[in-house]
Amino acid sequence: MTRRRWIADEFSADSAALTGAHAAHLSRTLRARVGQQFEVACGDQVRRATVASVQDERVEFTLGEEVEAREAVPITLLLAIFKFDRMEWAIEKCTELNVTTILPVIARRTEKHLALAASKRVERWRRIAREAAEQSRRIAPPEIGDPEKLKESLAKLHDRNVPAVVPGEDSGPSRGTSGHPGCDLRIVLAETGPEATLSEVLRARDNVTSLALAVGPEGGWTGEELQSFATSHWMAASLGDTILRAETAAIAAVAIARAEL
Ligand code: SAM
């Protein structure tokens, strides 16, 4: 039987708890009862769990044996900020597809009022991601960063990863071909320019140990932004001949990457 999975707010070696509104959902909306069986993700483990006590804003579990959980190649999604309702949809679906980190980015063509309001949305995005993670039986929700300018996200990822493309070997974001065993790969999705599709780029590489994908705003990336990606050793790839809305592009890109990796 597939048991519903929760991500613990608190845990120790043999017990775990949900707290606050998270617990209220289980205690009031789903009317949890002592003795009910679930799975609870505690850090990097998933354990069988039995409800030990139920209060409005606190549900405690006794933890049982570990449930096997498979590790997936980490995928970071650098997502330019676009209309919030559509962006929330992208966050939910990409969480279901097991994206590891989402970095909301203020791009040149992000609408100004959205850029200004974005920081107030982050908690909501994190809540949506946690609910989607539990619903899709993930071990943890994706980490969702605070909104920042593209330049800052590129610098952060650049510091964290070894270059995916040897400098000088690939002159632009349009057609990188170099892959290293065990490489950290970074790919910007662009609807004009790249000849290679995302699938082709991924199939040409063995042993990708981590992947970053970047999806632009409704108006697309500017030429200058694509140049910044190239300078930071990102390759560019296409998702085919039709132009997709940003949320469709994000979901399609993560789904293709999951399938190829
Ligand atoms: N600039 C375009 C326009 O206004 O016609 C549309 C940009 S599209 C709505 C938003 C983002 O989705 C793009 O920046 C790109 O990252 C991604 N995207 C959409 N279609 C794509 C495709 N066919 N290949 C690669 N990326 C795509």
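These notes cover the structure that comes with them.

### Some thoughts on the overall build of the chain
Consideration 1: Each helix and strand in the chain was counted, giving eight helices and 13 strands.
Consideration 2: In terms of overall size, the chain behaves like a compact globule, its C-alpha atoms giving a radius of gyration of 20 Å where 261 residues would be expected to give roughly 18 Å.
Consideration 3: Along the first, second and third principal axes, the C-alpha atoms of the chain reach 60 × 45 × 30 Å.
Consideration 4: Here the chain holds 261 residues, and the buried ones make up 48% of them.
Consideration 5: In the chain, 71% of the contacts between residues at least 6 apart in sequence involve partners at least 24 apart.
Consideration 6: Accessible surface, the chain: about 13,200 Å² in total, of which carbon and sulfur atoms supply 47%.

### Let's talk about the side chain of Thr 222
Consideration 1: Note that Thr 222 resides in the loop between β12 (208-215) and α7 (223-231).
Consideration 2: Judged by its relative accessible area of 12%, Thr 222 falls in the buried class.
Consideration 3: With residues up to four places along the chain from it excluded, the contact list for Thr 222 reads Arg 108 and Arg 109.

### So, the site of the ligand
Consideration 1: Neighbouring the ligand are 20 residues; Leu 189, Glu 191, Leu 239, Thr 242 and Leu 244 lie closest to it.
Consideration 2: In the model, a nitrogen atom of the ligand is placed 3.1 Å from a nitrogen or oxygen of the Gly 219 main chain.
Consideration 3: Gly 240 is positioned with one of its backbone polar atoms (N or O) 3.1 Å from a nitrogen atom of the ligand.
Consideration 4: About the coverage of the ligand: the protein hides 83% of its 580 Å² of free accessible area.
Consideration 5: Taken together, the residues that form the shell around the ligand break down as 11 nonpolar, six polar and three charged.

### Points about helix α8 (residues 246-260)
Consideration 1: Relative to the 21 Å expected for 15 residues at 1.5 Å per residue, α8 spans 21 Å between its end C-alpha atoms, a close match to the ideal helical length.
Consideration 2: All of the buried residues along α8 are Ala 246, Glu 247, Ala 249, Ala 250, Ile 251, Ala 253, Val 254 and Ala 257.

What counts and what doesn't
Residues numbered from 1 in each chain as written. Predicted model: local features only at pLDDT ≥ 70, side-chain atom pairs only at ≥ 80, totals over all residues. Heavy atoms only, no water. Helix = DSSP H or I, 4+ residues; strand = E, 2+ residues; numbered from the N terminus. Rg over C-alpha atoms; globule rule 2.2 N^0.38 Å. Buried < 20%, exposed > 50% of the residue type's maximum accessible area, 1.4 Å probe, protein only. Contact = heavy atoms within 4.5 Å. Areas by Shrake-Rupley, 256 points an atom, 1.4 Å probe, with all protein chains shown as cover. Near = heavy atom within 4 Å. Polar contact = N/O pair within 3.5 Å; in protein donor to acceptor, adjacent residues only side chain to side chain. Nonpolar A, V, L, I, M, F, W, Y, C, P; charged D, E, K, R; others polar. Expected span 1.5 Å × (residues − 1).

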